[in-house]
Amino acid sequence: PHLAALVLARGGSKGIPLKNIKLLAGVPLIGWVLRAAIDAGVFHSIWVSTDHDEIEKVAKQFGAQVHRRSPEVSQDSSTSLEAIREFLNHHHEVDIVGNIQATSPCLHPSDLIKVVDLIQKEGFDSVFSVVRRHQFRWSEVKKGENKMTEPQNLNPAKRYRRQDWPGELYENGSFYFAKRHLIEKGYLQGGKMAYYEMRAEHSVDIDIDIDWPIAEQRVLSFGYFGKEPLKEVKLLVCSIEGCLTNGRIYVTEDHKEMVSYDYRDIVGIDLLKKRGIQVRLISERDCSKTLSAMQLGCVAKVSATNKLKVLKDWQEDMGLSWKEVAYLGNEESDVECLKQAGMSGVPADACAAAQKAAGYICKSRGGCGAVREFAEHIFLLLEKVNSARKQ
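Reading guide: rules and limits
- Residues numbered from 1 in each chain as written.
- Predicted model: local features only at pLDDT ≥ 70, side-chain atom pairs only at ≥ 80, totals over all residues.
- Heavy atoms only, no water.
- Phe/Tyr/Trp six-rings, centres within 6.5 Å; stacked < 30°, edge-to-face > 60°.
- Helix = DSSP H or I, 4+ residues; strand = E, 2+ residues; numbered from the N terminus.
- Buried < 20%, exposed > 50% of the residue type's maximum accessible area, 1.4 Å probe, protein only.
- Lys NZ or Arg CZ within 6 Å of the ring centre and 35° of its normal.
- Salt bridge = Lys/Arg side-chain N within 4 Å of Asp/Glu carboxyl O.
- Polar contact = N/O pair within 3.5 Å; in protein donor to acceptor, adjacent residues only side chain to side chain.
- Contact = heavy atoms within 4.5 Å.
- Pairing = 2+ DSSP bridges.
- Axes fitted to C-alpha atoms, helices over the stretch in contact; angles between N-to-C directions.
- Right-handed = clockwise from strand over helix to strand, strands pointing away.
- Disulfide = S-S within 2.5 Å.

K.L.:
Go over the packing of aromatic side chains with me, naming the residues and quoting the values.
P.N.:
Given two aromatic rings, one states the distance between the centres and the angle between the planes to describe the pair. Within this structure, the stated rule accounts for eight aromatic pairs. Summarising the aromatic geometry, the rings of Phe136 and Trp165 are spaced 5.0 Å apart at their centres and angled 20° between planes, so their arrangement reads as stacked. Linking Phe136 in the loop between β7 (126-133) and β8 (168-179) with Trp165 in the loop between β7 and β8, this pair joins segments that are 29 residues apart in sequence. Overall, Phe136 belongs to the partly exposed group, its relative accessible area being 25%. Geometrically, the ring pair formed by Tyr160 and Trp165 is stacked, given 6.0 Å between the ring centres and 5° between the ring planes. You can call Trp165 buried: its relative accessible area is 10%. Among the aromatic residues, those joined into a cluster by ring pairs are Phe43, Phe175, Phe177 and Tyr196. The ring of Trp32 has Arg35 sitting right over it, with the charged end atom 5.0 Å from the ring centre.

Okay, here's the thing in structure tokens:
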């Protein structure tokens, strides 16, 4: 049977405009779940259902196919079930739908693989995600009612200690898998049902976790970053024009060139060095005089007609794996380097090809703090590496 992953990503949002493609830890929100779905390797097709051009563009960048949903199922009042049924009406080849929530960025491929096994090997008709919570519930007393609240799941005289109580299972909304015949009858849950319990730290829901910085910290700690484990970065290679500088060149009357840079980026380079990370610079132009004036103390290669060759030479000379190399670029000439490096980033104003190839998109523009921001991103991921080692 044809198993399709389907992510619903409407353009309208009452809370955060275009929330589904807003950058979360340097990756469009929808990109986190698409990466997990693709790397799970269990779906015959992966789709994003949307009504918005920008969401379509991002979905395709991450390797998904796009179903353009109709205005009728793109309203604030439209339900997920309505959008899924419309999708099935246009895709008769699909037998099972795995509806994955775009706002669950800590979803891992291993969860999806296990769910598919429940359907394909154990014969369940529908499977949905839950999380275990240890919360005591009380009955609601409405204003004006003259009555007392009552305990719902506890005896106040014998309150459980957390370690003595298994807790309760709650839907966390990360995904709902169901066979076509159920959905056509109007159900996402039915037939032979099963739940799949996700780890609490993976149950991050941006619809609830409105504080974006907190959500970013959760994702950096518990998100899925790819099939290969992260390694400690030992080399950062940074393109000069458009990353360290804003790409503008000022020419004086006596034909001298001037560029500007942000002091925050110089601090970022110093911080990287203090953490034992080498920083090297690369440019297609001969900007030797500019580098000399900046006094950064970094190895640099100018007039580099083949950036990837330079990067490979440095990587081999230092005896590093690609996972130990980070690259910050912004132009088409950086694309192959961005794809090769274990950790890659671009400024906010990088060209479209570079943004597509990068793993992290800075909020800062080139020459305006992007190097410092990418350095902070590297430090956060190194904390994740060190935490994994301790575990």
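K.L.:
Kindly report on the pattern of salt bridges, identifying the contributing residues and their values.
P.N.:
Tallying each qualifying case throughout the model produces 22 salt bridges. Across the salt bridge formed by Arg285 and Glu241, the nearest N and O atoms sit 3.2 Å from each other. One end of the pair, Arg285, is in the loop between β13 (278-282) and α9 (288-294); the other, Glu241, is in helix α7 (residues 240-244), with 44 residues separating them in the sequence. Taken together, the shared-partner salt bridges connect Asp53, Glu56, Lys60 and Arg68 into one network.

K.L.:
Summarise the side chain of Glu168; cite the residues concerned and give the values.
P.N.:
Tracing the chain through its elements places Glu168 in strand β8. Among the polar contacts listed, one links the side chain of Glu168 to the side chain of Arg137, at a separation of 3.1 Å. Within the structure, the side chain of Glu168 is placed 3.0 Å from the side chain of Tyr170, a separation counted as a polar contact. Residues within four places of Glu168 in sequence aside, it is in contact with Val131, Arg132, Arg133, Gln135, Arg137 and Asn153.

K.L.:
Talk me through the sheet that holds strand β6 (residues 96-101); I want residue IDs and the actual numbers.
P.N.:
In space, the seven strands of this open sheet follow the order β5-β4-β1-β6-β8-β7-β9, with mixed pairing throughout. Of all the strands in the sheet, just β5 (65-68) and β9 (193-198) have a single pairing partner and so form its edges. Looking at each pair of strands side by side, their axes are set apart by 30° on average, direction ignored. Bridging between β6 and β8 involves five bridges; their strand directions are antiparallel. Paired with Val97 across the strands is Ala178, a residue of β8. Here helix α1 (residues 29-40) sits on the sheet in contact with β1 (3-8), β4 (45-50) and β6, set at roughly 160° to β4. Contacts from helix α4 (residues 109-120) reach β1, β6, β7, β8 and β9 within the one sheet, and its direction differs from that of β8 by about 65°.

K.L.:
Lay out the side chain of Ser364 in plain terms, naming residues and giving numbers.
P.N.:
Within the secondary structure, Ser364 is located in the loop between β17 (360-361) and α13 (370-390). In terms of polar contacts, Ser364 uses its side chain to reach the side chain of Glu373, at 2.9 Å. In this structure Ser364 touches Pro347, Ala348, Gly369, Ala370 and Glu373, once residues within four positions along its chain are discounted.

K.L.:
Which residues make up the pairing of β5, and what values go with them?
P.N.:
Within a regular strand, the side chains alternate between the two sheet faces. Across four bridges, the pairing between β4 and β5 is parallel. Within the sheet, the bridge partner assigned to Trp47 lies in β5 and is Gln65. Chirality of the crossover, the property in question, places the unit of β4, helix α2 (residues 53-61) and β5 among those that are right-handed.

K.L.:
Just give me the short version of α1, but keep the residues and values in it.
P.N.:
The periodicity of an α-helix, 3.6 residues per turn, causes residues three or four places apart in sequence to face the same way. Of all the twelve residues making up α1, ten are buried; the element is thus mostly covered by neighbouring parts of the structure. Buried within α1 we find Leu29, Ile30, Gly31, Trp32, Val33, Leu34, Arg35, Ala36, Ala37 and Ala40. Looking at the residues trailing α1, positive phi occurs at Gly41, about 70°.

K.L.:
Give me unusual backbone geometry: which residues, what numbers.
P.N.:
Residue Ser303 is not a glycine yet carries a positive backbone phi of 55°. Note on placement: Ser303 falls in the loop between β14 (299-301) and α10 (307-317).

K.L.:
Could you give an account of the state of the cysteines, naming the residues involved and the relevant values?
P.N.:
As enumerated under the stated definition, the model contains zero disulfides in all. Of all cysteine sulfurs, the one in Cys243 lies closest to Cys351, which takes part in no disulfide; the gap is 10 Å. As a non-bridged cysteine, Cys368 has Cys362 as the owner of its nearest cysteine sulfur, 12 Å distant.

K.L.:
I'd like to hear about the sheet that holds strand β15 (residues 325-328), residue by residue, with values.
P.N.:
In spatial order, the strands read β14-β13-β10-β15-β16-β17; together these six strands make up an open sheet with parallel pairing. Every other strand in the sheet has two partners, leaving β14 and β17 as the edge strands with one partner each. Where β13 meets β14, three bridges bridge the pair, whose relative direction is parallel. Residue pairing across strands places Ile282 opposite Lys301, the latter belonging to β14.

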